[in-house]
Amino acid sequence: MSDSKKHSALQLKAQNANTLSRFLSWVVTYSVEILIAIVGTIILLVPSLTEMFQFNRALVEQKHYWLMITGQFTHFNFTHWILDFIAIIIAAVHSPIGFTKQGLIQVCVSLLIVGLGIWLFGDSDFYRGISGVVYGWLLLSVLRAEDIHIEQLRLNLIYKVKVFKFTARNFNLAYKIIFISLILLKVASDVMGWDLFGIPGEIGADVSVAAHVFGLLSVLFILPFQWKLIVNKLQAK
């Protein structure tokens, strides 16, 4: 083999190794979200598993307490699962949970708080869906998120139009305030009984107000574990 062919072969091998390394890094970064997607899809595709793992108040009161957790990985239909997974993706884009101690605490605490909320304060005999947990994750993800570089979003026009004296810092602060406000408004609309998006008709079940409210409240229990991380990011700006 000539030197040029050997060099090309080595380059190709290095590129393949680099591609594999980046892929594995991506898998580790989004491992929690990927695992949730796999588990949720398997349960959805096997109706007997859905029936087995859904939250069933009668069974929970017979000390089948794990159904408070497993029920959040079940869904009423494909649309229900897609809506929840889109929200998970949005949260991951802002800041993935990560297979870390803090990430595992976030998952476990939020699942437990929402499960208890559904059982103790919910009015449904059956519950499926992970949307309650995801509301808390969305809130945490935007708090942890790195600043959006507005140049990358091609918003340089903001600098040119003197009427809008936005700096990068102001833009990111405004974005986070608006994003958090929309989350709070959505949950408030659920509490008020306003069907803004026709979701009950799409998923074939009523929205669980308790799940969404306790999803937000779970943030209060998770923040002490992530407060240092959030403060450090704010101080670094």
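Anything mentioned here points back to the structure above.
Please read these numbers as outputs of a predicted model, since none were measured by experiment. Positions within a chain are numbered from 1, following the residues in the order the chain's sequence is written. A pLDDT threshold of at least 70 governs which residues receive local features in this predicted model, and a stricter bar of 80 or more applies before side-chain atom pairs are shown or counted, although totals over entire chains, interfaces and linings include all residues. Only hydrogens and water are set aside when side-chain values are computed; all heavy atoms of the structure are taken into account.

**Q** Where do I start with helix α2 (residues 31–45) in this structure?
**A** A turn of α-helix holds 3.6 residues, and therefore any two residues three or four places apart point the same way. A helix here means a DSSP run of H or I that spans at least four residues, while a strand means a run of E at least two residues long, and both kinds are numbered starting from the N terminus. Helix span, as expected, comes to 1.5 Å for every residue beyond the first. With 15 residues, α2 should cover 21 Å at 1.5 Å per step; its first-to-last C-alpha distance of 21 Å lies within 8% of that length. Buried, partly exposed and exposed residues are distinguished by accessible area as a fraction of the type maximum, computed with a 1.4 Å probe on protein chains only: under 20%, between the cut-offs, and over 50%, respectively. Taken together, the buried positions of α2 are occupied by S31, V32, E33, I36, A37, G40, I43 and L44.

**Q** What's the story with the packing of helix α6 (residues 78–94) against helix α8 (residues 131–144) in this structure? I'm lost.
**A** The axes of two packed helices give the description: the angle between them and the distance between them. The contact between α6 and α8 brings their axes to 8 Å, and the two run at 20 degrees. With respect to α8, the element α6 is oriented roughly parallel. Of the two elements, α6 crosses α8, and the hand of that crossing is left-handed. Across from D84, A87, I88, I90, A91 and H94 in α6, the residues of α8 making contact are S131, V134, W137, L138, S141 and V142. Of the residues belonging to the contact of α6 with α8, the class tally is 8 nonpolar, 3 polar and 1 charged. All axes here are fitted lines through C-alpha atoms, helices being fitted over the stretch that makes contact, and every angle between N-to-C directions spans 0 to 180 degrees. Oblique is the label for any angle not under 35 degrees, not over 145, and not in the 65 to 115 range, which are roughly parallel, roughly antiparallel and roughly perpendicular in turn. The sense of a crossing depends on the near helix, which, turned anticlockwise from the far helix by less than a right angle, makes the crossing left-handed and, turned clockwise, makes it right-handed. Any two residues having at least one pair of non-hydrogen atoms within 4.5 Å are treated as being in contact. Only Asp, Glu, Lys and Arg are considered charged, only Ala, Val, Leu, Ile, Met, Phe, Trp, Tyr, Cys and Pro nonpolar, and every remaining residue, Gly among them, polar.

**Q** Just to check I follow, could you spell out empty space enclosed by the protein for this structure?
**A** Whether a set of points on the 1 Å grid over the protein atoms alone is a cavity depends on a 1.4 Å probe fitting there but being unable to get out, while an open set qualifies as a pocket with protein on both sides within 12 Å along at least five of seven lines; lining residues are those with an atom within 4 Å of a point. Grid points are joined across faces, edges and corners, and a volume is the space filled by probe spheres set on the points. One pass over the full model with this rule turns up 1 cavity of 30 Å³ or more. The calculated volume of the largest cavity comes to roughly 30 Å³. As for the largest cavity, its lining consists of E33, I88, A91, A92, S95, I97, Q106, W137, S141 and R144. Counting residues per element, the ones that place at least two in the lining of the largest cavity are α6 and α8. Residue composition of the lining of the largest cavity, grouped by class: 5 nonpolar, 3 polar and 2 charged.

**Q** Help me out: how do you make sense of the pattern of salt bridges in this one?
**A** Two side chains bearing opposite charge may form a pair once their charged atoms approach each other closely. Any carboxyl oxygen of Asp or Glu within 4 Å of a side-chain nitrogen of Lys or Arg constitutes a salt bridge here. Applying the stated rule across the entire model yields 3 salt bridges. For E51, the salt bridge is made with R128, and the minimal N-O distance between the two is 3.3 Å. Of this pair, E51 sits in helix α3 (residues 47–53) while R128 sits in the loop between β2 (126–127) and α8; the two residues are 77 residues apart in sequence, bridging distant segments of the chain. Between R57 and D125 there is a salt bridge, with the nearest N and O atoms lying 4.0 Å from each other. One end of the pair, R57, is in helix α4 (residues 57–60); the other, D125, is in the loop between α7 (101–121) and β2, and 68 residues separate them in sequence.

**Q** Would you mind going over the packing of aromatic side chains with me for this structure?
**A** Classification of ring pairs uses Phe, Tyr and Trp, with its six-membered ring standing for Trp, and accepts pairs whose centres are within 6.5 Å; under 30 degrees between planes counts as stacked, over 60 as edge-to-face, and the remaining range as tilted. Counted by the stated rule, this structure contains 4 aromatic pairs. Aromatic pair Y65 and W119: ring centres 5.7 Å apart, planes at 55 degrees, arrangement tilted. Placement of Y65 in the loop between α4 and α5 (67–70) and of W119 in helix α7 is noted, with a sequence separation of 54 residues between them. Judged by its relative accessible area of 39%, Y65 falls in the partly exposed class. Judged by its relative accessible area of 21%, W119 falls in the partly exposed class.

**Q** What's the story with the layout of surface pockets in this structure? I'm lost.
**A** If a probe as big as a water molecule is rolled over the atoms, it shows which places are left empty. Quantified by volume, the largest pocket comes out at close to 970 Å³. Looking at the largest pocket, it is lined by 36 residues, and the ones nearest its centre are S131, Y135, K186, I199 and H212. Of all the secondary-structure elements, those providing two or more residues to the lining of the largest pocket are α6, α7, β2, α8, α10 (168–192), α11 (199–203) and α12 (209–235). It is α6 that contributes the most residues to the lining of the largest pocket, 6 residues altogether. Looking at the lining of the largest pocket residue by residue, the class counts come to 24 nonpolar, 6 polar and 6 charged.

**Q** Please explain the packing of α7 against α8 as it appears in this structure.
**A** Direction vectors running N to C along α7 and α8 enclose 140 degrees, while the axes themselves pass 9 Å from each other. As the angle between them shows, α7 and α8 are arranged oblique. α7 and α8 meet at a crossing whose hand is right-handed. Residues Q106, V107, S110, L111 and V114 of α7 lie in contact with α8, whose contacting residues are G132, V133, W137, L140 and R144. Considering only residue class, the contact of α7 with α8 consists of 6 nonpolar, 3 polar and 1 charged.

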